[in-house]
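# Geometric and topological summary
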Amino acid sequence: MSLRNRIPDQLKIGEDVISITIDEDISVYPTSDYVLLEISHKAGKVNIPKVAYTLRGLVKDDRRLVAIRGFGFKGIGLAVRVAHELKVRESNFTYEMTFDTFDATEPNSDRPVTSVQIIVIPPK
């Protein structure tokens, strides 16, 4: 089974433009199937090692699928840094990840913001 087939339908990105609704630097939305972490394009200082350590526990220990969404230039950079930190700190197994780009918009703007979604899949 490919990694793409293991992604829940709610996280599959098509042609739709996603609305940016977060008010904080980072927001977490847990569901029964996965945990969604969104990083704002207006984020300030983010403790990358702390976020990566928390995600490690969710993926490795709790066997949860985690989706990291970064909006805009700053959000994309922070999302990729979180995924990188998660990967380089692990020595016991290899994380499986998928990457997708998509367009997002702010509620008061029609201008699209390039964004990324990184899905971290628990090892089998």
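Right above here is the structure, for reference.
Cut-off values and rules
Residues numbered from 1 in each chain as written. Predicted model: local features only at pLDDT ≥ 70, side-chain atom pairs only at ≥ 80, totals over all residues. Heavy atoms only, no water. Pairing = 2+ DSSP bridges. Helix = DSSP H or I, 4+ residues; strand = E, 2+ residues; numbered from the N terminus. Contact = heavy atoms within 4.5 Å. Axes fitted to C-alpha atoms, helices over the stretch in contact; angles between N-to-C directions. Salt bridge = Lys/Arg side-chain N within 4 Å of Asp/Glu carboxyl O. Buried < 20%, exposed > 50% of the residue type's maximum accessible area, 1.4 Å probe, protein only. Phe/Tyr/Trp six-rings, centres within 6.5 Å; stacked < 30°, edge-to-face > 60°. Lys NZ or Arg CZ within 6 Å of the ring centre and 35° of its normal. Core = buried A, V, L, I, M, F, W, Y, C linked by side-chain atoms within 4.5 Å.

## Digging into the sheet that holds strand 2 (residues 26–30)
Spatially, six strands are ordered 1-5-6-4-3-2 in an open sheet, and the strand pairing comes out mixed. Looking along the sheet, the strands with just one partner apiece sit at the ends: strand 1 (18–19) and strand 2. Bridge count for strand 2 against strand 3 (residues 34–39) is five bridges, and the pairing is antiparallel. When the bridges of strand 3 are listed, proline 30 appears paired with valine 35. Relative to the sheet, helix 1 (residues 48–61) contacts strand 2, strand 3, strand 4 (65–71) and strand 6 (113–121), its axis offset from that of strand 4 by approximately 150°.

## Description of the pattern of salt bridges
According to the stated counting rule, one finds eight salt bridges in the structure shown. When the shortest N-O distance is used, the salt bridge between aspartate 100 and arginine 4 registers 2.8 Å. One end of the pair, aspartate 100, is in strand 5 (residues 96–105); the other, arginine 4, is in the segment before strand 1, and 96 residues separate them in sequence. Judged by relative accessible area, which is 40%, arginine 4 ranks as partly exposed. Where glutamate 38 meets arginine 69, a salt bridge forms, and the shortest distance between an N and an O atom there is 3.6 Å. Of this pair, glutamate 38 sits in strand 3 while arginine 69 is found in strand 4, placing the two residues 31 residues apart along the sequence. Each member of the pair glutamate 38 and arginine 69 is classed as buried.

## Thoughts on the environment of arginine 111
One can find arginine 111 in the loop between strand 5 and strand 6. Apart from the residues within four sequence positions on either side, arginine 111 is in contact with Ala104 and Thr105.

## Considering the packing of aromatic side chains
The full count for this structure, using the stated rule, is one aromatic pair. Their ring planes at 90° and their centres at 6.0 Å tell us that phenylalanine 71 and phenylalanine 102 sit as a pair that is edge-to-face. Pair noted here: phenylalanine 71 is in strand 4 and phenylalanine 102 is in strand 5, with a separation of 31 residues, a long-range link. Of the two residues, phenylalanine 71 and phenylalanine 102, neither departs from the other in class, the shared state being buried. Looking at arginine 69, its charged tip hangs above the ring of phenylalanine 102, at a distance of 5.8 Å from the centre.

## Points about the nonpolar core
Of all hydrophobic cores here, the largest spans 24 residues; its most connected members are Ile39, Leu55 and Ile68. Counting residues per element, the ones that place at least two in this core are strand 3, helix 1, strand 4, helix 2 (72–88) and strand 6. Here isoleucine 39 is in contact with Ile22, Asp25, Ile26, Ile68, Arg69, Gly70, Phe71, Gly75, Leu78, Ala79 and Val82, once residues within four sequence places are set aside. Core analysis: the second largest hydrophobic core is formed by eight residues, Tyr34, Leu36, Ala67 and Ile121 among them.

Worth remembering: the numbers are spatial, not functional.
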